[in-house]
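Structural overview
Okay, here's what each chain looks like letter by letter:
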Amino acid sequence: MHATRPLLDAIDFPALRRRRLETVQANLGYRCNQACLHCHVNAGPTRREAMSRDTAEAVLELVAASGATTLDLTGGAPELNPHFRWLVETAHARGVQVMDRCNLTILSEPGHEDLADFLAAHRVEVVASLPCYLEDNVDGQRGAGVYARSIAGLRQLNALGYGDGRSGLMLNLVYNPTGPYLPPPQAALEADYRRELGGRHGIVFDRLFTLANMPIQRFGSTLVSHGEFDAYMTLLRGAHRDDNLDQVMCRTLVSVGWDGTVYDCDFNQMLGLPLAVPGRTRPQVRDLIGRDLAGNPIAVAGHCYGCTAGQGSSCGGALK
């Protein structure tokens, strides 16, 4: 796989500083039951990296000490980590809002048939990746049969009350472009998703998040292989908007890697750009306990234009 960090380090990006911590995002490991082309984690079935119980306990300690209100669980497929359910149960019991970044097909994997019921019982917000409302596009990006299994997963969640606007069980969908271009306007695309998924399958959801593809890991390597990396970076930089800088997720979020190393965001984690802590080259999650991160400089490089181009892009969708 082509390394993209040297290319990105050579690109300037405006300086950023952190605010009060609101969200602790924990990457529970790179193992996944899918291997998607756009994946910025390079996750897949053969990956073995997984967060330990000790590191998971440290994550909860950071949440409690910092006053963060949200625990955001991601991967790979975070549900494949053996400590996933313990983390959810413990955080929920402490009054912390838990988010699960779910690929939907995990709901039908052997041994996970009760996962949807578990998520509902613990009021977990589900952020479900569905890169298109059309079968050919999804299967082309994620593999044969993924669309049908994703629709089955959404129906399972809907049957439990997710996305109906009354139960309080939040179901948000995530769109990624299938190639090196920016996502369309979020509001218009959300209307398309509602019309198509509702009309074809009777599916409801709360919101659609649109995310730009990051020029790192598997997607970035593909761009380099196809000779499209420079053109994509030109597109991102040309669409940059300064007013998006105020709302980027790294200002109020920290990303904890599977090994406990802390980063300003999940994308920096994949590039090996750790959060700045004096005296620590690879700061660990417990190094942040009792530390006020407000005003801390954020590690930036060329990939950050993926968050500030056009309508903006973050783990919570468009910024505008």
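What counts and what doesn't
Residues numbered from 1 in each chain as written. Predicted model: local features only at pLDDT ≥ 70, side-chain atom pairs only at ≥ 80, totals over all residues. Heavy atoms only, no water. Helix = DSSP H or I, 4+ residues; strand = E, 2+ residues; numbered from the N terminus. Rg over C-alpha atoms; globule rule 2.2 N^0.38 Å. Contact = heavy atoms within 4.5 Å. Areas by Shrake-Rupley, 256 points an atom, 1.4 Å probe, with all protein chains shown as cover. Lys, Arg positive; Asp, Glu negative; His and termini not counted. Charge placed at Lys NZ, Arg CZ, Asp CG, Glu CD. Core = buried A, V, L, I, M, F, W, Y, C linked by side-chain atoms within 4.5 Å. Buried < 20%, exposed > 50% of the residue type's maximum accessible area, 1.4 Å probe, protein only. 1 Å grid on protein atoms, 1.4 Å probe; cavity = no way out; pocket = protein on both sides within 12 Å on 5 of 7 lines; lining within 4 Å. Points joined across faces, edges and corners; volume = space filled by probe spheres on them. Nonpolar A, V, L, I, M, F, W, Y, C, P; charged D, E, K, R; others polar. Pairing = 2+ DSSP bridges. Axes fitted to C-alpha atoms, helices over the stretch in contact; angles between N-to-C directions. Arc of directions from axis to C-beta. Phe/Tyr/Trp six-rings, centres within 6.5 Å; stacked < 30°, edge-to-face > 60°.

Turning to the overall build of the chain, a few remarks are in order. Per the secondary structure count, the chain includes eleven helices and eight strands. The C-alpha atoms of the chain give a radius of gyration of 19 Å, which matches the 20 Å a tight globule of 320 residues would have. Viewed in the frame of its principal axes, the chain has a C-alpha envelope of about 50 × 45 × 35 Å. Here the contacts in the chain between residues at least 6 apart in sequence split such that 73% fall between residues at least 24 apart. Carbon and sulfur atoms make up 51% of the accessible area of the chain, which totals about 12,700 Å². Looking at the chain, you have 30 positive and 34 negative side-chain charges, and the mean spots of the two groups are 3 Å apart.

To continue, consider the nonpolar core. Judged by nonpolar contacts, the single largest core of 63 residues is most densely connected at Val24, Leu71, Leu173, Tyr193 and Leu197. Apart from the residues lying within four places of it in its own chain, the contact partners of Val24 are Val59, Leu62, Val63, Ala68, Thr70, Leu71, Asp72, Val254 and Val256. Ranked by size, the runner-up nonpolar core spans 30 residues in total, among them Tyr30, Leu245, Ala301 and Tyr305.

Attention now moves to empty space enclosed by the protein. Considering all chains together, one arrives at two cavities of 30 Å³ or more under this definition. By volume, the second largest cavity is sized at about 90 Å³. Lining the second largest cavity are 14 residues, with Leu16, Cys250, Cys265, Cys304 and Cys307 positioned closest to its centre. For the lining of the second largest cavity, the elements supplying multiple residues, two or more each, are helix H10 (266–271) and helix H11 (305–308). Of the residues in the lining of the second largest cavity, the class split is eleven nonpolar, three polar and no charged.

The subject of this paragraph is the pairing of strand E1 (residues 23–27). Along any regular strand the residues' side chains alternate between the sheet's two faces. Where burial is concerned, most of E1 is hidden: five out of the five residues are buried. The side-chain alternation of E1 yields two buried faces, one formed by Thr23, Gln25 and Asn27 and the other by Val24 and Ala26. In this structure, E1 lies alongside strand E2 (residues 70–74), joined through five bridges in parallel fashion. When the bridges of E2 are listed, Gln25 appears paired with Asp72. Summarising the sheet, E1 and strand E7 (residues 253–256) pair through four bridges and their orientation is parallel. Note on E7: the bridge partner recorded for Thr23 is Leu253.

Taken together, the eight strands give an open sheet; going across it, the order is E6-E5-E4-E3-E2-E1-E7-E8, and neighbouring strands pair in mixed fashion. The sheet terminates laterally at strand E6 (207–210) and strand E8 (262–263), the two strands that pair on one side only. Bridge count for E2 against strand E3 (residues 97–102) is four bridges, and the pairing is parallel. Among the inter-strand pairings, Asp72 is bridged to a residue of E3, identified as Met99. Helix H2 (residues 53–66) contacts E1, E2 and E7 of the sheet and is inclined by roughly 170° relative to E1. Docked against the sheet, helix H3 (residues 84–93) engages E2 and E3, running at close to 170° with respect to E2.

What follows deals with helix H5 (residues 135–142). Residues Val138, Asp139, Gln141 and Arg142 constitute the buried set of H5. When H5 is viewed along its axis, its buried side chains cluster within an angular range of 165° and face the same direction. Opposite the buried face of H5, at more than 90 degrees from it, the exposed residues are Asp136 and Gly140. Looking at the buried residues of H5, the elements they touch are strand E4 (125–129) and helix H6 (146–159). Gly143 sits one or two positions beyond H5 and adopts a positive phi of about 120°.

Taken as a whole and judged by the stated rule, the model has four aromatic pairs. Where Phe13 meets Tyr305, the ring centres are 4.8 Å apart and the plane angle is 75°; that geometry is what we call edge-to-face. Here Phe13, found in the loop between helix H1 (5–9) and E1, pairs with Tyr305, found in helix H11; they are 292 residues apart in sequence, far enough to count as distant. Here Tyr305 falls in the buried class, since its relative accessible area comes to 8%.

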